[in-house]
Amino acid sequence: MIAANETRTIRLESMTRVEGEGGLRIEVHDGRLRDVKVDVFEAPRFFEAFLRGRSIREVPDLTARICGICPAAHQMSSVQAIETALGITPGPETRALRRLLYCGEWIESHALHIYFLQAPDFFGMESSLTLGKSHPDVVRQGLELKKMGNDLMTAIGGRSVHPISVCIGGFWRVPRRNELLELRPRLEWALQASINTVKFVSGLERPDFAPNYECVALSHPREYAINDGSIASQVGLDIPVRDFEHVFLEEHVAHSTALHSVRADRGTSYLVGPLARMNLNYSQLPPGARNAAKECGIAWPCFNPYAGIVARAVELLMACEESLRIIESYTEPEPARLEYALRAGEGCAATEAPRGLLYHRYRFNDQGVVQSARIVPPTCQNYRRIEDDLRLMLPGILERPDAEIVDACEKLVRNYDPCISCSTHAVRVHIIRD
């Protein structure tokens, strides 16, 4: 037992089954939660700084290197921000091909998270290796789904990690129709495997936990938003992307090399990612995904973060369904890329990375040299919400042993599929007060 007025500190030095390096620190005083912090200690990578002084032509390839799991997301946000500044509007064929590339990334990223990072939590197992011993067919299906996403990205982007074909105005090279049609049989298998995935994760037992989220995501009038749209929430927000920095504020926190995002007007956290997208854009799902979402046993909108794995599975199905649709009607963009003249400008864009809303802004001179850059990854936008969730959950489990508390916290954090490496672009600040 902890004596009265005694402080108990619970630390997790490094979280497992998340991308990047971070830990947790929990302080309990007199049996009550005093503080909890997601302690991100991965070295800052200064994304915006390494883009300054570089040509805008280099930006898509440089931003792809920010992340090996969601490189296309950074490419799409960066290239569309620059095109906005230059007044370039690629045609519908290029837009469809970019959406297809994004679908490939959603497939590989969602499959990775569902099967290898989060599913072991629901079985009380330490890793997918353990899960593979008891459920080999499940893990094998996850591997094949991830490979499908990787191969789709390779067909369009030239390779699955850090694609090289995306450029301002379009693509350096576009795939031939027959190259994409060759993927159709495997995508049809992936479609059925995704239906099975929704059924599989819908049957997993979820803790009863449902905070009051403000869900924020892109919204598009004619499709499930991925590449563009307005920024919306279920509490009445509906703004153009250019107003993002007026509505959302990034803050330095002393315990993290990553910034935290809040609503600028009231300093509150908000949620981005698959669960937020599903809550806002359910009606825009294609027929197969909407039917699976309807039959999965969850009433949408849903605010239980542990249902995020189901939202990811529905989006996995959606991405397979969309990929088949785009391939069936695919026409090669002609030309592959639009020509443009260099001029000074500033532009921004937002897309939906697998983990949520991703915002890029660039300003460059008349030689096309970047003067300033701003990148707001989805994990930065979720950090404050993650800490708020932990504050809500922890009081109910503080009587448990430390190891059980740490395990419960890790499971909660993994709902968000945090990409810590994407988020670390700040300087660690130490504040000492007398």
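Residues numbered from 1 in each chain as written. Predicted model: local features only at pLDDT ≥ 70, side-chain atom pairs only at ≥ 80, totals over all residues. Heavy atoms only, no water.

## A few points about the overall build of the protein chain
Part 1 of the argument: Check the secondary structure of the protein chain and you find 15 helices and 13 strands.
Part 2 of the argument: Here the C-alpha atoms of the protein chain give a radius of gyration of 21 Å, agreeing with the 22 Å that 2.2 N^0.38 yields for 434 residues.
Part 3 of the argument: If one aligns the C-alpha atoms of the protein chain with their principal axes, the spans along those axes are about 75 × 55 × 40 Å.
Part 4 of the argument: Looking at the protein chain as a whole, 59% of its 434 residues qualify as buried.
Part 5 of the argument: A separation of at least 24 residues holds for 71% of the contacts in the protein chain among residues at least 6 apart in sequence.
Part 6 of the argument: By element, 50% of the accessible surface of the protein chain is carried by carbon and sulfur atoms, the whole surface being about 17400 Å².
Part 7 of the argument: Computed over 50 positive and 56 negative side-chain charges, the separation of the two mean positions in the protein chain equals 2 Å. (Helix = DSSP H or I, 4+ residues; strand = E, 2+ residues; numbered from the N terminus. Rg over C-alpha atoms; globule rule 2.2 N^0.38 Å. Buried < 20%, exposed > 50% of the residue type's maximum accessible area, 1.4 Å probe, protein only. Contact = heavy atoms within 4.5 Å. Areas by Shrake-Rupley, 256 points an atom, 1.4 Å probe, with all protein chains shown as cover. Lys, Arg positive; Asp, Glu negative; His and termini not counted. Charge placed at Lys NZ, Arg CZ, Asp CG, Glu CD.)

## Some words on unusual backbone geometry
Part 1 of the argument: The omega angle of the peptide bond from Trp 300 to Pro 301 is 5°, so this bond is cis rather than trans.
Part 2 of the argument: Here Pro 301 shows up in the loop between helix 11 (287-295) and helix 12 (308-328).
Part 3 of the argument: Geometrically, the link from Glu 334 to Pro 335 is a cis peptide bond, its omega value of 5° lying close to zero.
Part 4 of the argument: In this structure, Pro 335 sits in the loop between helix 12 and strand 11 (345-353).
Part 5 of the argument: Positioned with a positive phi, Asp 30 is a non-glycine residue whose angle comes to about 55°.
Part 6 of the argument: Within the secondary structure, Asp 30 sits in the loop between strand 2 (22-29) and strand 3 (32-40).

## Considering the packing of helix 6 (residues 136-157) against helix 8 (residues 184-202)
Part 1 of the argument: Relative orientation of the contacting elements helix 6 and helix 8 amounts to 135°, with a least axis distance of 10 Å. The pairing of helix 6 with helix 8 is recorded here as oblique in orientation. Viewed along their axes, helix 6 and helix 8 form a crossing whose handedness is left-handed. Contacts between helix 6 and helix 8 involve Val 138, Gln 141, Glu 144, Leu 145, Lys 147, Met 148 and Asp 151 from the former and Arg 186, Leu 187, Trp 189, Ala 190, Ala 193, Ser 194, Asn 196, Thr 197 and Phe 200 from the latter. (Axes fitted to C-alpha atoms, helices over the stretch in contact; angles between N-to-C directions. Parallel < 35°, antiparallel > 145°, perpendicular 65-115°, else oblique. Left-handed = near helix turned anticlockwise from the far one by under 90°.)

## Some remarks on the confidence of the model for the protein chain
Part 1 of the argument: Put simply, the protein chain has an average pLDDT of 92, and 96% of its residues get 70 or more.
Part 2 of the argument: Low pLDDT, under 50, characterises residues 426-434; the stretch is placed with 17 contacts to residues that sit more than four places away or in other chains. (pLDDT = per-residue confidence, 0-100.)

## A look at the nonpolar core
Part 1 of the argument: Judged by nonpolar contacts, the single largest core of 125 residues is most densely connected at Leu 180, Trp 300, Tyr 362, Leu 390, Met 393 and Leu 394.
Part 2 of the argument: Per element, the largest residue contribution to this core is 14 residues, and it comes from helix 4 (residues 92-122).
Part 3 of the argument: Looking at which domains feed residues into this core, each of domain 1 (8-43 + 382-404 + 414-433) and domain 2 (47-381) supplies at least three.
Part 4 of the argument: Contacts of Trp 300, omitting those with residues within four sequence positions, involve Leu 275, Met 278, Asn 279, Tyr 282, Ala 293, Val 310 and Ala 311.
Part 5 of the argument: Residues Val 216, Leu 218, Ile 231 and Cys 348 belong to the second largest nonpolar core, which totals 17 residues. (Core = buried A, V, L, I, M, F, W, Y, C linked by side-chain atoms within 4.5 Å. Domains from an automatic or database assignment.)

## Re the packing of helix 10 (residues 274-281) against helix 12
Part 1 of the argument: For the pair helix 10 and helix 12, the least separation of the axes is 8 Å and the interaxial angle reads 70°. Judged on the interaxial angle alone, helix 12 and helix 10 are roughly perpendicular. Considering how the two elements wind past one another, helix 10 and helix 12 form a crossing that is left-handed. On helix 12, the residues touching Pro 274, Leu 275, Arg 277 and Met 278 of helix 10 are Gly 308, Ala 311, Arg 312, Val 314 and Glu 315.
Part 2 of the argument: Of the residues that constitute the contact of helix 10 with helix 12, the class distribution is five nonpolar, one polar and three charged. (Nonpolar A, V, L, I, M, F, W, Y, C, P; charged D, E, K, R; others polar.)

## Some words on the domain arrangement of the protein chain
Part 1 of the argument: Domain parsing of the protein chain yields domain 1 (8-43 + 382-404 + 414-433) and domain 2 (47-381).
Part 2 of the argument: Each of domain 1 and domain 2 has a C-alpha centre, and the two are 25 Å apart.
Part 3 of the argument: Facing 33 residues of domain 1, the contacting portion of domain 2 comprises 49 residues.
Part 4 of the argument: Surface buried jointly by domain 1 and domain 2 totals about 3600 Å² across both partners, of which 51% is contributed by carbon and sulfur atoms.
Part 5 of the argument: Our enumeration of links across domain 1 and domain 2 arrives at three salt bridges.
Part 6 of the argument: One salt bridge connects Asp 121 with Arg 414, and the closest N-O pair in it is separated by 2.8 Å.
Part 7 of the argument: Inspection of the domain 1/domain 2 interface yields 19 residue pairs in polar contact (both at pLDDT 80 or more).
Part 8 of the argument: Elements represented by at least two residues in the side of domain 1 that touches domain 2 include exactly strand 3, helix 13 (378-393) and helix 15 (420-423).
Part 9 of the argument: Broken down by element, the side of domain 1 that touches domain 2 gets its largest block of residues, nine residues, from helix 13. (Buried area = accessible area lost by both parts, 1.4 Å probe. Salt bridge = Lys/Arg side-chain N within 4 Å of Asp/Glu carboxyl O. Polar contact = N/O pair within 3.5 Å; in protein donor to acceptor, adjacent residues only side chain to side chain.)

## Brief notes about the side chain of Thr 379
Part 1 of the argument: Residue placement: Thr 379 occurs in helix 13.
Part 2 of the argument: For Thr 379, a relative accessible area of 4% corresponds to the buried category.

## What about helix 6?
Part 1 of the argument: The terminal C-alpha atoms of helix 6 lie 31 Å apart, and with 22 residues this matches the ideal 32 Å at 1.5 Å per residue to within 8%.
Part 2 of the argument: One or two steps after helix 6, the chain reaches Gly 158, where phi turns positive at roughly 95°. (Expected span 1.5 Å × (residues − 1).)

## Topic: helix 10
Part 1 of the argument: Of all the eight residues making up helix 10, seven are buried; the element is thus mostly covered by neighbouring parts of the structure.
Part 2 of the argument: Restricting attention to buried positions, one finds in helix 10 the residues Pro 274, Leu 275, Ala 276, Arg 277, Met 278, Asn 279 and Asn 281.
Part 3 of the argument: Residues of helix 10 that are buried make contact with helix 4, strand 6 (216-219), helix 11, helix 12, strand 11 and strand 12 (356-364).

## Points about the sheet that holds strand 11
By definition, the strands of a sheet pair up through backbone hydrogen bonds, in either a parallel or an antiparallel sense.
Part 1 of the argument: Strand order in the open sheet formed by three strands is 11-12-13, with antiparallel pairing between adjacent strands. The two strands at the open ends of the sheet, each matched to only one other strand, are strand 11 and strand 13 (370-376). Neighbouring strand axes in the sheet, compared pairwise and without regard to direction, differ in orientation by 10° on average.
Part 2 of the argument: Relative to strand 12, strand 11 is paired through nine bridges, and the arrangement is antiparallel. Each residue of the ladder has a partner; that of Ala 350, found in strand 12, is Tyr 359. (Pairing = 2+ DSSP bridges.)

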